[in-house]
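Chain by chain, the residues run as shown.
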Amino acid sequence: MSVRRRRPLFVSAVLVVGAGLALTACGPENTDAPASSASSAPTKAAAGAPSATAPAPGAPAPASSAAPTAAHTPAGASPSSGGGAGGGSASAQPCDIQNLSINASARAGAANQWVIEVRNTGAKACSLSSSPGVDLGDSAARDQSKNLKPVLASGTERFPVPAGRSAYAVIDLDPSGATTGTAPGINEINVLVDGEGTNMPLANTRNFPLPAGAHVLNPKMGNYRGSVADAVASMTAAPK
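Note that this is a predicted model, so its numbers are computed, not measured.

(A) Highlighting the overall build of the protein. Along its length, the protein carries two helices and 10 strands. N-terminal to C-terminal, the α/β element order of the protein is α-β-β-β-β-β-β-β-β-β-β-α. Burial statistics for the protein: of 240 residues in total, 28% are counted as buried. Pairs at least 24 residues apart make up 74% of the contacts formed inside the protein by residues separated by at least 6 positions. On the protein, roughly 15,600 Å² of surface is accessible, and the fraction owed to carbon and sulfur atoms is 58%.

(B) Examining the nonpolar core more closely. Formed by 29 residues in total, the largest nonpolar core has its most connected members in Leu100, Ile116, Leu128, Ile189 and Val193. Elements that contribute at least two residues to this core include exactly strand S1 (100–107), strand S2 (110–120), strand S3 (126–128), strand S4 (133–137), strand S6 (159–161), strand S7 (166–172) and strand S8 (188–192). Not counting the four nearest positions on each side in its chain, Ile116 is found in contact with Asn103, Ala104, Pro132, Val134, Ala167, Tyr168, Ala169, Ile189, Val191 and Met221. Ranked by size, the runner-up nonpolar core spans six residues in total, among them Tyr168, Ala231, Val232 and Met235.

(C) Representation of the environment of Gly181 in the model. Note that Gly181 resides in the loop between S7 and S8. Classification of Gly181 as exposed rests on a relative accessible area of 68%. Distance from Gly181 to His215, taken between C-alpha atoms, is 9.0 Å for residues 34 residues apart in sequence.

(D) How the structure looks around the sheet that holds strand S5 (residues 151–152). Pairing in this open sheet of five strands is mixed, and the strands run S1-S2-S7-S10-S5 from one edge to the other. Two strands close off the open sheet at either side, each with one partner strand: S1 and S5. Where S2 meets S7, seven bridges bridge the pair, whose relative direction is antiparallel. Of the residues in S7, the one forming a bridge with Val115 is Val170.

(E) Expanded view of the environment of Asp172. Among the secondary structure elements, Asp172 is positioned in strand S7. The exposure class of Asp172 is buried, given its relative accessible area of 8%. Linking Asp172 and Val216, residues 44 residues apart in sequence, is a C-alpha distance of 8.6 Å. Filtering out sequence-adjacent residues up to four positions away, Asp172 remains in contact with Asn112, Gln113, Pro219, Lys220 and Met235.

What counts, and at which threshold
Residues numbered from 1 in each chain as written. Predicted model: local features only at pLDDT ≥ 70, side-chain atom pairs only at ≥ 80, totals over all residues. Heavy atoms only, no water. Helix = DSSP H or I, 4+ residues; strand = E, 2+ residues; numbered from the N terminus. Buried < 20%, exposed > 50% of the residue type's maximum accessible area, 1.4 Å probe, protein only. Contact = heavy atoms within 4.5 Å. Areas by Shrake-Rupley, 256 points an atom, 1.4 Å probe, with all protein chains shown as cover. Core = buried A, V, L, I, M, F, W, Y, C linked by side-chain atoms within 4.5 Å. Pairing = 2+ DSSP bridges.

Encoded structure:
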């Protein structure tokens, strides 16, 4: 009888042990689940966050850090530079008479004043003396040594004339406006455009007739300038 009583107890013990083993086998699955959820959360957050190298939606694109590309200058070329309208240089080669157009005429509104215009018809800038060589005389006289020379404005620098441009000098035949006591027999104006005498021989002198009755007394002349107005101002500054 005692044996019958123990068999149920043994069966119960076996059932209890089996249930414990089943619970133990399920234990790791319950503890892994929270760990798996915790490790996946940062991954999802990182995937949704803005990238460090890409701008956030709606934000302006970052300025490029690359240096601007310098403008390309063709080989042999030089950057342009600013220059005045007159251009040219006083150090330019002396003008060749073959590349000059020369004219002398009465200035409008001032009959006693004559404008000498020298135009550079060459392809390069050239230079003239500070003022032209000018004298006034009688075209029929055999002796030209007594011709009158104007009083000159101060200045010795050579004057540059760019290609295609003109230089102007103004001479006043009678600054006082006198009508009596003027020099007799003066009927022409003689012009050597480079008055230094070293760059241009006297044979290059040009002769321009004066109108009958022209009054000449204590004439004066200014330096070459780039406009008639400036040439008049230079002439006015010449001593009497």
